[in-house]
Amino acid sequence: MKFWEKKISIISNKAQTTRNKITFIYTDDEAQIIFLDTPGIQMPKNELGKYLLKVSESSLEDVDIISFMVEPGKLLGRLDSYIFDEIKKVACKKILILNKVDLLEEDEIESIVKFYEDLNIFEKVIPMSALNSTGVDEFVNTIKSLLNEGPKYYPEDMITESPERFIVSEIIREKILNNMEDEIPHGVQVEVESMKDREDKDLVDIHATIHVEKKSHKPMVIGKNGSKISIIGREARLDIEKFLGTKVNLQLWVKVTKDWRSKESMVKNFGYK
């Protein structure tokens, strides 16, 4: 099974969705490619932000190829310019992915591709649509052409190094991100307290705590008569069942852990270290 056939990394339209360096392992008859999904480079506003920036910057030191994804819109913002200046300093090959090309006309795609090609930073600029998988094969084949020969590091059936508990907690966090307003998601942390197989049936019992930073956020996550947390739990359970390949009994609690992102000890306690 390829990594895009199984949910490993979460997706949302909120900033700071990716908080950890996540490994994806792609293996076919020709090659094995190890992808690292890292937090986006940003200007840190708290202890968590400092951690995310360190993860992003340190990851640049360990790779053979950097792939940088952009979307249609303003071609080069201030943060993009800063990131491009940083990756120019890294002595490795670079690919730019222009995502969401399904929203563009052909002449628009050609114009944007030429703009990024003229920067002379990237070995290849690849138009892609994650929605319909356009450009994915070209991306993989381009990586194969740029990588040097080396050993196979992982078994063919292995698709990630991430523990099951981590992926389960991330799936729950994704559902919070996608169901809550902008004020809340950045301060949410999900902690899987227990994850056990039932002895008498094919079922996994999962108990998880959703940490929020403010008292006012707790009732928002729970919702009137538990309506919001029921939606979050139902959507998370369905994805977790697909991931684990078994039925799941998911129990969620909400706890106020005041201003945890600004406290170094709490950030480390949640595994960001």
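That block above? That's the structure.
Residues numbered from 1 in each chain as written. Predicted model: local features only at pLDDT ≥ 70, side-chain atom pairs only at ≥ 80, totals over all residues. Heavy atoms only, no water.

**Some words on the overall build of the chain**
Right, so step 1: Of regular secondary structure, the chain possesses eight helices and eight strands.
Right, so step 2: Of the contacts formed within the chain by residues at least 6 apart in sequence, a portion of 66% connects residues at least 24 apart.
Right, so step 3: Total accessible area computed for the chain in this model is approximately 15600 Å², and 47% of it derives from carbon and sulfur atoms. (Helix = DSSP H or I, 4+ residues; strand = E, 2+ residues; numbered from the N terminus. Contact = heavy atoms within 4.5 Å. Areas by Shrake-Rupley, 256 points an atom, 1.4 Å probe, with all protein chains shown as cover.)

**Re the environment of Glu164**
Right, so step 1: Here Glu164 is to be found in helix 5 (residues 164-179).
Right, so step 2: The exposure class of Glu164 is partly exposed, given its relative accessible area of 46%.
Right, so step 3: C-alpha of Glu164 to C-alpha of Phe243: the two residues are 79 residues apart in sequence and 8.9 Å apart in space.
Right, so step 4: For Glu164, the contacting residues outside a window of four places in its chain are Met195, Phe243 and Leu244. (Buried < 20%, exposed > 50% of the residue type's maximum accessible area, 1.4 Å probe, protein only.)

**Let's talk about the nonpolar core**
Right, so step 1: Formed by 42 residues in total, the largest nonpolar core has its most connected members in Ile172, Ile206, Ile210 and Ile240.
Right, so step 2: Those residues in contact with Ile210 that lie beyond four places of it in its chain are Ile176, Val188, Gln189, Val190, Val221, Ile229, Leu252, Trp253, Val254 and Lys255. (Core = buried A, V, L, I, M, F, W, Y, C linked by side-chain atoms within 4.5 Å.)

**What to know about the sheet that holds strand 8 (residues 247-256)**
Picture the strands of a sheet paired through backbone hydrogen bonds; they go either parallel or antiparallel.
Right, so step 1: With mixed pairing, the three strands of this open sheet are ordered in space as 6-7-8. Only two strands of the sheet have a single neighbouring strand rather than two, namely strand 6 (189-197) and strand 8. Sheet twist, expressed as the average angle between the axes of neighbouring strands with direction ignored, equals 15 degrees.
Right, so step 2: When strand 6 meets strand 7 (residues 203-212), the two strands line up antiparallel, connected through eight bridges. From the neighbouring strand, Gln189 faces strand 7, where its bridge partner is His211.
Right, so step 3: Its contacts with the sheet put helix 7 (residues 227-244) on strand 6, strand 7 and strand 8, and the angle it makes with strand 8 is roughly 135 degrees. (Pairing = 2+ DSSP bridges. Axes fitted to C-alpha atoms, helices over the stretch in contact; angles between N-to-C directions.)

By themselves, these observations are geometric and do not establish any function.
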